[in-house]
Amino acid sequence: MKTKTKFVVSTLVIIMVSGAALFLNKSLEKEPLLVKQEKGCVFMTTFGEESSDGYAKHKIRENIQPIVNEGLNWLASAQLENGGYGAGSHNRQGEMNPHAVNADPATTSMVAMAILRSGSTLNRGEYKEQLKKAVEFLLTQVESVSKDDVFITSEKGTQIQSKLGNNIDAVLTAQFFSNLLKEQLDRDTKKRVQKCLDVCVDKIQSATDKDGKMKGAGWAGVLQSGLATSALESAESVGATLDEVVVTSQKQYLKSNFDEESKSVKTTDGAGIILYSVSNSARGSAKDARKAKELIAKAKKEGKLKKEDKVTVENLQDIGVSESEAISYTSSYNVYNASKIQAQQNDVMAGFGNNGGEEFLSFLQTGESMVVNDDDEWMTWYDNISGRLMTIQNDDGSWNGHHCITSPVFCTATSLLILSIENDIENLKQTGEN
């Protein structure tokens, strides 16, 4: 058992941004969706055409809960008999029926995280039965894996795997198990979750190459790597033992996609899209950037530095940080702040030209990095984006896409994670604590 007994919750925060609507999801109920019609995706918006500023007015307490309830009700009805949820095959992206696809761990974990964040647990809440079934599906899946197996599932060619990478199931399942371990679990369940988390962590670390990239990358593999870093940080926050060499290489890889001096972005592993790389650079550097910021603030408070002193290698060394750590912390601080700003620019947020699941998972990484870094700017970001999501929900309570990750199950779970983010802010901030 590698998992300790101290549990600090961290969750996958999925940050998605959307702009002006190109067309409504409702049309999908009338016509079959064809992959060759790739004109829009997930929430049918092109952020570059219109900012989301001002949509916070939609996100007020009396408005948001009914929207969340409708989404949860839809997800409850979408559960498969085996307790899992599925995104469907990459070869059948037009399939919108949640019961016409096979369950996969990645999508099931997303739904389970959405249910958990919305207030239900294994012991209480309107959706506790759905959560119990989803947990049992995931535990059974991971428990059936042998040490020699590369993946935690035999399901292949899913939308999530094809776009993000073959190891995304272990990544998202590890994230969910980390979240679940903060709950009051009976002894047997807790032991099962801890053991399965260790398995997922081992799969993630084994699938990380010497350069810090996740193997089996999909179309936008940098996203899988960014989410893997998030998952390992979450696992560590609930006691999992990590390979520090792997963790360091992952963060260095994510930072390497953004040049802090020239502000240039390497998009080789991001399908040629700046957004995918820069958002994950922000995420990979967020925790160390926060450390640098806090060290300088503490030194100022103690009178060791002047009020106007900034995060630099020299200032960190002056307060006792080793040269190698000072260089690393300063680099993370600069990369985080520069890439965070660039990731929020309208032209960059336009991504592939219309938003797919990759765009929204990039928004996730940008927003998550801001919370982990204890960056107050997240509040305006979340209010406006959540307000917009509320205006583009389908009549049946779901959200869905038009290409890339089209799955209404995956998209609905992701939307609910955003809309319920305020339930988890303090826990998310703890992920960035050392």
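This text goes with the structure placed above it.
Residues numbered from 1 in each chain as written. Predicted model: local features only at pLDDT ≥ 70, side-chain atom pairs only at ≥ 80, totals over all residues. Heavy atoms only, no water.

Participant: What is the right way to look at the side chain of Ser249 in this model?
Facilitator: Tracing the sequence through the fold places Ser249 in helix H8 (residues 244–256). Each residue touching Ser249, except ones within four places of it in the same chain, is listed here: Thr208, Asp209, Lys210, Asp211 and Gly212. (Helix = DSSP H or I, 4+ residues; strand = E, 2+ residues; numbered from the N terminus. Contact = heavy atoms within 4.5 Å.)

Participant: Mind showing me how you'd approach the packing of helix H5 (residues 168–180) against helix H6 (residues 187–206) here?
Facilitator: Pairs of packed helices are described in terms of their axes, by the angle between the two and the distance that separates them. Where H5 meets H6, the axes come as close as 9 Å, and the angle between the chain directions of the two elements is 145°. Read as a crossing pair, H5 and H6 show a hand that is left-handed. Within the contact between the two elements, H5 uses Ala170, Val171, Thr173, Ala174, Phe177, Ser178 and Leu180 and H6 uses Val193, Cys196, Leu197, Cys200, Lys203 and Ile204. Class assignment of the residues belonging to the contact of H5 with H6 gives a composition of 10 nonpolar, 2 polar and 1 charged. (Axes fitted to C-alpha atoms, helices over the stretch in contact; angles between N-to-C directions. Left-handed = near helix turned anticlockwise from the far one by under 90°. Nonpolar A, V, L, I, M, F, W, Y, C, P; charged D, E, K, R; others polar.)

Participant: Whenever I open this one, the packing of helix H14 (residues 378–391) against helix H15 (residues 408–419) confuses me. Can you help?
Facilitator: Where H14 contacts H15, the axes come no closer than 9 Å and their chain directions differ by 135°. On the basis of their axis angle, the class for H14 and H15 is oblique. For the pair H14 and H15, the crossing hand works out as left-handed. Listed contacts from H15 to Ser386, Leu389 and Met390 of H14 are Ser415, Ile418 and Leu419. The residue inventory of the contact of H14 with H15, partitioned by class, reads 4 nonpolar, 2 polar and no charged. (Parallel < 35°, antiparallel > 145°, perpendicular 65-115°, else oblique.)

Participant: Just to check I follow, could you spell out the pattern of salt bridges for this structure?
Facilitator: One side chain can pair with another of opposite charge once the charged atoms of both are near each other. Applying the stated rule across the entire model yields 10 salt bridges. Put simply, Lys132 and Glu129 hold a salt bridge, and the shortest N to O gap is 3.6 Å. Of the two residues, Lys132 and Glu129 are both situated in helix H3 (residues 128–143); the distance of 3 residues between them amounts to about one turn of the helix. Lys132 sits in the partly exposed class, given a relative accessible area of 36%. One salt bridge connects Glu302 with Lys304, and the closest N-O pair in it is separated by 3.3 Å. Using a relative accessible area of 42% as the deciding quantity, one classes Glu302 as partly exposed. (Salt bridge = Lys/Arg side-chain N within 4 Å of Asp/Glu carboxyl O. Buried < 20%, exposed > 50% of the residue type's maximum accessible area, 1.4 Å probe, protein only.)

In short, geometric facts, not functional conclusions.
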